[in-house]
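Descriptive structure summary
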Amino acid sequence: MSVIQPEVPLDDDVLVTRARAGDLEAYDLLVARHTASAYRTAVLLGAGSDSEDVIQEAFVKGYRKLSRYRGESSFRSWLLAIVANETRNLHRSRNRRDGLVLRAAAANPASEIAEDGAVDAVLAGERRTALVQALRQLPVRDREVIVCRFLLDLSEEETVATLGWPRGTVKSRTFRALAKLRGLLDREEVRHG
């Protein structure tokens, strides 16, 4: 009688080693394992309706740069750093595009500029909407540290790896960003009674 051993899920390091050796199934498993957190990261950092494109690009870049992953941080942190960079790239291209749209709107006053409501659709509910609106008002770096530490529930070490900042910067920016966020949320609560 043979005993069936339960299948033990492979950890990220084993999958990375296999993917580096050309095992596409191993990378597919990494993608499946980290898609949800990559998507949340993109959405919460402001990619909105472009979040799927951002994470797809991040996974492609991650695969191409797999040889650069040194294992100093978790694969998840390394991947989320790529997602954060791709989201920053998106913001830069949006800013350029928005500048063009604003100039076109000034030339043609009949045109309208619609706001991206994808984040609101993903984060339903009054409290979440207020939080997202307050997050949007924070400077980008403050928003990034809040998203990593509290919305993605990354450890301080993972946040350091994801954002590429010194530990002291993560600590001080987290403290200041939380204070700013509390102030924004308190003002919003006073306005709406």
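The structure displayed is predicted, hence computed values, not measured ones.

Quick word on the packing of aromatic side chains
Applying the stated criterion to the full structure yields 4 aromatic pairs. Three or more aromatic residues link up through ring pairs in this structure, and these residues are Tyr 69, Phe 75 and Trp 78. Just above the ring of Phe 150 sits the side chain of Arg 149; from NZ or CZ to the centre is 6.0 Å. Its guanidinium or amino end placed over the ring of Trp 165, Arg 173 lies 5.5 Å from that ring's centre, counting from NZ or CZ.

Here we look at the nonpolar core
By size, the foremost hydrophobic cluster in this structure holds 41 residues, and its most contacted members are Tyr 27, Leu 66, Phe 75, Val 83, Val 145 and Ile 146. For this core, the elements supplying multiple residues, two or more each, are helix H1 (12-20), helix H2 (24-44), helix H3 (51-64), helix H4 (75-107), helix H6 (126-137), helix H7 (140-151), helix H8 (156-163) and helix H9 (167-192). At 8 residues, the largest contribution of residues to this core is made by H4. Every residue in contact with Phe 75, bar those within four places of it in the chain, is listed here: Asp 12, Val 16, Tyr 27, Leu 30, His 34, Leu 66 and Tyr 69.

Some thoughts on the packing of H1 against H2
With their axes 8 Å apart at the nearest point, H1 and H2 run at an angle of 140° to one another. The angle between H1 and H2 places the two elements in the oblique class. For the pair H1 and H2, the sense of crossing is left-handed. Along the contact surface, H1 presents Asp 12, Leu 15, Val 16, Arg 18 and Ala 19, while H2 presents Ala 26, Tyr 27, Leu 29, Leu 30, Arg 33 and His 34. Looking at side-chain class alone, the contact of H1 with H2 contains 7 nonpolar, 1 polar and 3 charged residues.

Some words on H2
Counted at 1.5 Å a residue, the expected span for H2 with its 21 residues is 30 Å, and the 29 Å between its end C-alpha atoms agrees. The largest bend in H2 comes to about 50°, at His 34. Taken as a whole, H2 has its buried residues at Ala 26, Tyr 27, Leu 30, His 34, Ser 37, Ala 38, Thr 41, Ala 42, Val 43 and Leu 44. With a side-chain oxygen positioned 3.0 Å from the backbone nitrogen of Glu 25, the residue opening H2 is Asp 23. Phi turns positive, to about 105°, at Gly 46, one or two residues after H2.

Re H1
For H1, the full list of buried residues reads Asp 12, Leu 15, Val 16 and Ala 19. Along the axis of H1, the buried residues cluster in a sector spanning 100°; they form a single face. One or two residues past the end of H1 sits Gly 22, with phi positive at roughly 100°.

Thresholds, definitions, all that
Residues numbered from 1 in each chain as written. Predicted model: local features only at pLDDT ≥ 70, side-chain atom pairs only at ≥ 80, totals over all residues. Heavy atoms only, no water. Phe/Tyr/Trp six-rings, centres within 6.5 Å; stacked < 30°, edge-to-face > 60°. Lys NZ or Arg CZ within 6 Å of the ring centre and 35° of its normal. Core = buried A, V, L, I, M, F, W, Y, C linked by side-chain atoms within 4.5 Å. Buried < 20%, exposed > 50% of the residue type's maximum accessible area, 1.4 Å probe, protein only. Helix = DSSP H or I, 4+ residues; strand = E, 2+ residues; numbered from the N terminus. Contact = heavy atoms within 4.5 Å. Axes fitted to C-alpha atoms, helices over the stretch in contact; angles between N-to-C directions. Parallel < 35°, antiparallel > 145°, perpendicular 65-115°, else oblique. Left-handed = near helix turned anticlockwise from the far one by under 90°. Nonpolar A, V, L, I, M, F, W, Y, C, P; charged D, E, K, R; others polar. Expected span 1.5 Å × (residues − 1). Bend = angle between axes of the 7 residues up to and from the residue. Polar contact = N/O pair within 3.5 Å; in protein donor to acceptor, adjacent residues only side chain to side chain. Arc of directions from axis to C-beta.

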